[in-house]
Amino acid sequence: MMVVQLRYNFRVTPDAAQRTALAQAFGCARVVFNDGLRLRQQAREAGEKYLSDGDLSKLVITQAKATEDRAWLGEVSAVVLQQALADLNIAYRNFFASVTGKRKGRKVAPPRFRSRKDSRQAIRFTKNSRFKVLDNGRLRLPKIGDLPVRWSRTLPSDASSVTIIKDAANRYFASFVVTVGEDEMLPPVEPEIGIDLGLTHFAVMSDGTKVTAPKFLRRAARKLKRLQQALSRKTKGSNRRKKAVIKVARAHARVADTRRDWQHKLSTAIIRDNQAVYVEDLCVTGLGRTRLAKSVHDAGWASFTTMLEYKAARYGRTFARVDRFFPSTRMCSDCGRITEKLALNVRAWDCPCGSHHDRDVNAAINIKAAGQADFNDRRAQVRPGLVPAPRSEAVTRQNAARATRSVAGIAVL
């Protein structure tokens, strides 16, 4: 059985007393995390053995509550403190796996101390804390109270944990981790598609469909400029500067929310209408260092491909990435001839075989062909009858299975 873990995010609106209790919980979790990190750093500098998770929990939680300096740790849920320490342990494991080469991708830095000035604060409650969604729709959290939740949809199953998040714009969210199974599989369809991601057109499909790039950040640039100029004129440390900081954060959050919503609608439509989706494995980090960095980050290719990947796993579709060094742009989709490198301003080219190619559509066709060939080769090496491996890693993107619409006149499909 295919099992996928998803996060469902909902806005919560705590009152003044609940905001105070949440701030206290954020602070206690931060202190436990920093105390554990400090003890491990001191043990390493002294040449002592690595503190185990159990010993560290006794030192920074159990024994710390009995001291006068840390007695106030008992005023919040013990699960919040344990989860803060679990985050530290996960950070160390990821760091060690990256150093030893067991973790793929970019190198992971060692854990750093958390600050009360961080723009994002979060605490997590597991089932051990006995959090509960009440019949009236409120979320009951231990030692915090019943939080009003703005439900936009129902949870597909009981949540295994809930994370309360406060972002830079002073907004509070409840993020539920739920598990979904085969009951959400979509019926099989025939079409398969290759996607070439770009800047002028956000996505070009192998069937010739082009999706115009929304450029949400560019469209909001004038307002962001005005707010940031107003922020720069405020005196540091003043209350008016704090308010101006929140205004800038809210403007950026609005851009990010709009982009995320648009990508959810587009990715859901693509997964619903195609049995297999193939995309190019772009090096977004490298492209983010070029002169096109602002446009690259505004496009949000990485988040979009992540949505396609987990939605394909959730709905029973096939998703594959094509090697980034595959010459999809320069290869003729008719005869397979590879031409010389093309400048970015060359949007169409002719092959000696007589074919005329649109640069992006040709790349999408080649990506589809390469993805199908690679997927068939990997499937041939697997013995038939095996059950797909369960996906146990929780994704951080919420589902938005709604109909795709155009955004502010931007053509979508």
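Treat the numbers as computed from the prediction; the structure is a model and nothing was measured. (Residues numbered from 1 in each chain as written. Predicted model: local features only at pLDDT ≥ 70, side-chain atom pairs only at ≥ 80, totals over all residues. Heavy atoms only, no water.)

## A word on the overall build of the protein chain
Assigned secondary structure in the protein chain consists of 10 helices and 15 strands. Principal-axis analysis of the C-alpha atoms gives the protein chain an extent of 85 × 60 × 55 Å. Looking at the protein chain as a whole, 41% of its 413 residues qualify as buried. With the model as given, the accessible surface of the protein chain reaches about 23,200 Å², and the carbon-plus-sulfur share is 50%. (Helix = DSSP H or I, 4+ residues; strand = E, 2+ residues; numbered from the N terminus. Buried < 20%, exposed > 50% of the residue type's maximum accessible area, 1.4 Å probe, protein only. Areas by Shrake-Rupley, 256 points an atom, 1.4 Å probe, with all protein chains shown as cover.)

## Considering the sheet that holds strand β13 (residues 318-322)
The strand order across the open sheet formed by 5 strands is β11-β10-β9-β12-β13, and the pairing between neighbours is mixed. Either end of the sheet is taken by a strand with one partner, and the two such strands are β11 (210-212) and β13. Taking each pair of neighbouring strands and ignoring which way they run, the sheet shows an average axis angle of 20°. Two elements, strand β9 (residues 192-197) and strand β12 (residues 276-280), share 4 bridges in a ladder whose sense is parallel. Among the inter-strand pairings, I195 is bridged to a residue of β12, identified as V279. Against the sheet, helix α6 (residues 239-273) engages β9, β10 (201-205), β11 and β12, with an angle of about 0° to β10. Contacts between helix α9 (residues 301-315) and the sheet are confined to β9, β10, β12 and β13, with β13 contributing the most and set at about 145° to the helix. (Pairing = 2+ DSSP bridges. Axes fitted to C-alpha atoms, helices over the stretch in contact; angles between N-to-C directions. Contact = heavy atoms within 4.5 Å.)

## Topic: the pattern of salt bridges
Scanning the entire structure with this criterion turns up 18 salt bridges. The closest approach of N and O atoms between D87 and R114, which form a salt bridge, is 3.6 Å. Of this pair, D87 sits in helix α3 (residues 78-100) while R114 sits in the loop between α3 and β2 (121-126), placing them 27 residues apart in sequence. What makes D87 partly exposed here is its relative accessible area of 23%. A salt bridge links K265 to D261; the shortest N-O distance between them is 2.9 Å. Residue K265 and its partner D261 are both found in helix α6; the two are separated by 4 residues, about one turn of the helix. On the basis of relative accessible area, K265 is assigned to the buried category, the value being 6%. (Salt bridge = Lys/Arg side-chain N within 4 Å of Asp/Glu carboxyl O.)

## So, the domain arrangement of the protein chain
Note on interface size: it is often stated as the accessible area lost on association of the parts. The domains assigned to the protein chain are domain 1 (4-180) and domain 2 (192-381). The C-alpha-based centres of domain 1 and domain 2 are spaced at 33 Å. On the surface where domain 1 and domain 2 come into contact, there are 1 salt bridge. Here R171 and D257 are joined by a salt bridge, their closest N and O atoms 2.9 Å apart. (Domains from an automatic or database assignment.)

## Digging into the pairing of β12
Most of β12 is tucked away: 5 of the 5 residues are buried. Every second residue of β12 is oriented toward a common face, with A276, Y278 and E280 on one face and V277 and V279 on the other, all of them buried. Pairing of β12 with β13, which is carried by 5 bridges, proceeds in the parallel orientation. By the bridge assignment, E280 is partnered in β13 with V322.

## Considerations on the UniProt feature "domain: Cas12f1-like TNB" (unreviewed entry) in the protein chain
UniProt annotation of "domain: Cas12f1-like TNB" (unreviewed entry) refers to residues 301-367 when read in the numbering used here. For the annotated span residues 301-367, helix accounts for 36% and strand for 16% of the residues, and the straight-line distance between the end C-alpha atoms is 16 Å. (UniProt positions renumbered as here; feature names shortened; annotations may be inferred.)

## Concerning the environment of F173
Summarising the element assignment, F173 is placed in strand β8 (residues 172-180). C-alpha separation for the pair F173 and R7, spaced 166 residues apart in sequence, amounts to 12 Å. The residues contacting F173, other than those within four sequence positions of it, are F10, R11, V12, T163, I164, I165 and D167.

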